[in-house]
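The lines below spell out each chain.
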Amino acid sequence: MSEFGTILHLQRLSTEDGPGIRTTVFMKGCTLRCAWCHNPESLSPQAQVQRIETNCIHCGSCLIVCPQGCLMEVDGEIILDQQRCDSCGKCVQECPTGALELLGKQISTQELTAELLKDASFYQTSAGGVTFSGGEPLLQASFCAAVMARLQAAGVHTALDTCGMVSQRHFEKVLPFSDLVLFDLKLMNPAAHQQHTGQRNELILSNLLFVRDFIRQSNGARKLWVRTPLIPGATDQPANLAAIGDFLAAELEDVVARWELCAFNNLCRDKYRRLNMTWQYEDTPLYTQSQLDERNLWAKNSPFPIEKILITGAIRVQTQFGG
């Protein structure tokens, strides 16, 4: 098992990535390029530098120390050229205000385990635990398996949050140490899946069935939640939700404990700006309650048991003026 891994950050007191109070470990690197990605900083497996403009005092320290010349001042504004940056971190160390941040760091299994166990009391009192997310954590399967094994030995509940777009051998490494699997199922049509994520979905569906079979053999010791992001004009179509519900009912009804519909979230807009990336959902608003209710109904019209369908996420509050 791998001794070192590259993580993005730890999110403590999380309540959205499994049962109870959890710490979510966000890993670097992803196999998909979903147009709506909420964590663009996790896509690259390499460390990256991002600039937080509101923290910058224009002292010029970063311009002096950057060995690649990828930081420059143009019309009084400091610009970071991501294409030239090799993420050496010298500018981050020099910046006095935290306007430059290094996204991603290498950490050992021992160090990460010790850090995660600091919150053991929260896990125990809330029936929570630790979730490995991303990005795609299975790109670092050996590292995740090593840490998860240590956590389980300490009595901590573990969860794997995956998009499923990896080789089956990666699942084989991690599933024995996963008490819960959170599996994203975005689109059933292979062509539409490729259009919106950059990859077809045949491997994803095959891996989901592999997870199903593994969980069946565990005799109830492990759980599976399927999660579908509701994305306007993409995944939230009646035909897609019906197709997912049909597939789950036909192939996984006895194994899936929850089908979670996760409402579109636009709070990641600043992440794209800091990384000099464009985002096609920049101006897309949150769903209203009535829109979410409608999509919930589409899913519940499928043959999948309605008591296992849950819709989560923020909604757009409408005023009397229609805002």
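Refer to the structure above for everything that follows.
Now for a look at the structure at hand. Remember, it's a predicted structure, so these values are computed and weren't measured experimentally.

Glancing now at the sheet that holds strand S7 (residues 105-108). In a beta sheet, neighbouring strands are held together by backbone hydrogen bonds and run either parallel or antiparallel to one another. As summarised here, the arrangement of the nine strands in space is S7-S1-S2-S8-S9-S10-S11-S12-S13, forming an open sheet in which the pairing is mixed. Looking at which strands have only one partner, the edges of the open sheet turn out to be S7 and strand S13 (309-312). Recorded for the sheet is a direction-independent mean angle of 30° between the axes of neighbouring strands. As paired strands, strand S2 (residues 22-27) and strand S8 (residues 129-133) are joined by five bridges and run parallel to one another.

So, on to the pattern of salt bridges. Per the stated rule, a full pass over the model turns up 18 salt bridges. Notably, a salt bridge pairs Asp 213 with Arg 216, separated by 4.0 Å at the nearest N-O pair. Taken as a pair, Asp 213 and Arg 216 lie in helix H8 (residues 202-217) at a separation of three residues, close to a single helical turn. Given the relative accessible area of 37%, Arg 216 is considered partly exposed. Between Arg 273 and Asp 270 there is a salt bridge, with its nearest N and O atoms 2.8 Å apart. Pair noted here: Arg 273 and Asp 270 are both in helix H10 (residues 269-274), with a separation of three residues, about one helical turn. In this structure, a network of salt bridges that share partners links the residues Arg 212, Asp 213, Arg 216, Glu 251 and Asp 254.

The subject of this paragraph is unusual backbone geometry. Residue Gly 134 is joined to Gly 135 through a cis peptide bond whose omega torsion reads 10°. Within the secondary structure layout, Gly 135 lies in the loop between S8 and helix H5 (141-153). Even without being glycine, Ser 87 reaches a positive phi, approximately 60°. Along the chain, Ser 87 falls in the loop between strand S5 (77-80) and helix H2 (90-94). Ser 87 gets classed as buried once you look at its relative accessible area, which sits at 17%.

The next thing to look at is the side chain of Asp 17. Inspection of the secondary structure assignment puts Asp 17 in the loop between strand S1 (4-14) and S2. Residues contacting Asp 17, with those up to four places away along its chain left out, are Arg 22, Thr 24, Thr 131, Ala 159, Asp 161, Leu 182 and Arg 227.

What follows concerns the pairing of strand S12 (residues 256-263). Relative to S12, strand S11 (residues 223-230) runs parallel, the two sharing seven bridges. The residue bridging Leu 230 from the neighbouring strand is Ala 263, located in S12. As a crossover connection, the stretch from S11 through helix H9 (residues 238-251) into S12 is right-handed.

Rules and cut-offs
Residues numbered from 1 in each chain as written. Predicted model: local features only at pLDDT ≥ 70, side-chain atom pairs only at ≥ 80, totals over all residues. Heavy atoms only, no water. Pairing = 2+ DSSP bridges. Helix = DSSP H or I, 4+ residues; strand = E, 2+ residues; numbered from the N terminus. Axes fitted to C-alpha atoms, helices over the stretch in contact; angles between N-to-C directions. Salt bridge = Lys/Arg side-chain N within 4 Å of Asp/Glu carboxyl O. Buried < 20%, exposed > 50% of the residue type's maximum accessible area, 1.4 Å probe, protein only. Contact = heavy atoms within 4.5 Å. Right-handed = clockwise from strand over helix to strand, strands pointing away.

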